[in-house]
Amino acid sequence: MAHMGIYLIAFTIGLIFGSFLNMLIHRLPLGVSLFNPVGSECPHCHHQIKWFENIPVISYLFLKGKCSNCSGQISIVYPIVELITGAVTVLLYQHQWFDVDLILTIVLFYTLIVLSFIDFKYKAVPDYLLIIVLLLTLIVGDWKNALIFMGGFVLLELILTFYIQTIKAKITKNKDLEDQRALGEGDMPIAGAIGGLLGIHLGISAIFLAAILALIPAIYGLVIKKEIETPFIPFLSLGLLITLITGFNLFTLIV
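Quick caveat, the model's predicted, so the values are computed rather than measured.

Asker: I'd like a rundown of the state of the cysteines, residues and numbers included.
Answerer: Evaluation of the coordinates by the stated rule reveals 0 disulfides. Here Cys45 stays free of any disulfide, with the sulfur of Cys70 as its closest cysteine sulfur at 3.6 Å. For Cys70, a relative accessible area of 33% puts it in the partly exposed group.

Below you can see the structure in the form of structure tokens.
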């Protein structure tokens, strides 16, 4: 029972921070100040949201996902981010003893959540958030493994991009592919975080898992016969979290 109480506290703290992450996800890509307006506002009518309308998840359910002023639809993404942040907080707390490293690791994953949802929407992410991820990784992880994985991703990107722009473009006679890159530049620091936090074997396992998960939207695109641009940061982040929590090791399955 004592553990359940602590987990509930951790989940509640995560929900509260999830509400803050929602603000970052909304404002950072648009270049909107984090301090003006100070509180949250409706994206439709800019109505200042009262504190009791801004209780994580509960207020969304109570208001039925609509603004109390203009009845404009509020995105389901808001409670999803809050619930994910709460769950991630509990999982990391269960996995690691409470200390400075745990706090820094939680901040790192909070940053990954922000990056993931921005990447989903805009297919591009702010560079300074990537720098924050890299700096936190160098503090709590192994910097050598982080650099190895970043270097490996750079090499992989060069090879895949050459294939797409040179070979695939000629085979398919699609000139649009001549300017297409295989991986985004934002994927490199996330790969560094994976290597720094997990090491070589688990890091490779996490990237393999991320690639498998990223196939889901690609297969869905084939089914509906529509090309879907799949952001990779969310899947890399999910692969990192799953591998960190479960200890999934691809090499134990192979050997």
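Asker: Summarise unusual backbone geometry; cite the residues concerned and give the values.
Answerer: If you check the backbone angles, Ser71 has positive phi at about 65° while not being a glycine. With respect to the element layout, Ser71 can be found in the loop between helix H2 (58-62) and helix H3 (77-95). In this structure, Lys123 is a non-glycine residue whose phi angle is positive, near 60°. Note on placement: Lys123 falls in the loop between helix H4 (100-122) and helix H5 (127-140).

Asker: Outline the packing of H3 against helix H8 (residues 233-246), listing residues and values.
Answerer: Running from N to C, H3 and H8 point in directions that differ by 35°, and their axes come no closer than 10 Å. You can see that H3 and H8 cross each other, and the crossing is left-handed. Packed against H3, whose contacting residues are Val88, Leu91, Leu92 and His95, the element H8 presents Leu241, Leu244 and Ile245 at the interface.

Asker: Describe the nonpolar core, listing the residues and the values that go with them.
Answerer: Counting 44 residues, the largest nonpolar core has Phe109 and Leu115 as the members making the most contacts within it. Mapped onto this core, the elements with two or more residues apiece are helix H1 (2-27), H3, H4, H5, helix H6 (143-172), helix H7 (187-223) and H8. Per-element tally for this core: the top contributor is H7, with 12 residues. Phe109 has contacts with Val88, Leu92, Leu197, Ser237, Leu240, Leu241 and Leu244, leaving out every residue within four places of it along the chain.

Parameters and conventions
- Residues numbered from 1 in each chain as written.
- Predicted model: local features only at pLDDT ≥ 70, side-chain atom pairs only at ≥ 80, totals over all residues.
- Heavy atoms only, no water.
- Disulfide = S-S within 2.5 Å.
- Buried < 20%, exposed > 50% of the residue type's maximum accessible area, 1.4 Å probe, protein only.
- Helix = DSSP H or I, 4+ residues; strand = E, 2+ residues; numbered from the N terminus.
- Axes fitted to C-alpha atoms, helices over the stretch in contact; angles between N-to-C directions.
- Left-handed = near helix turned anticlockwise from the far one by under 90°.
- Contact = heavy atoms within 4.5 Å.
- Core = buried A, V, L, I, M, F, W, Y, C linked by side-chain atoms within 4.5 Å.

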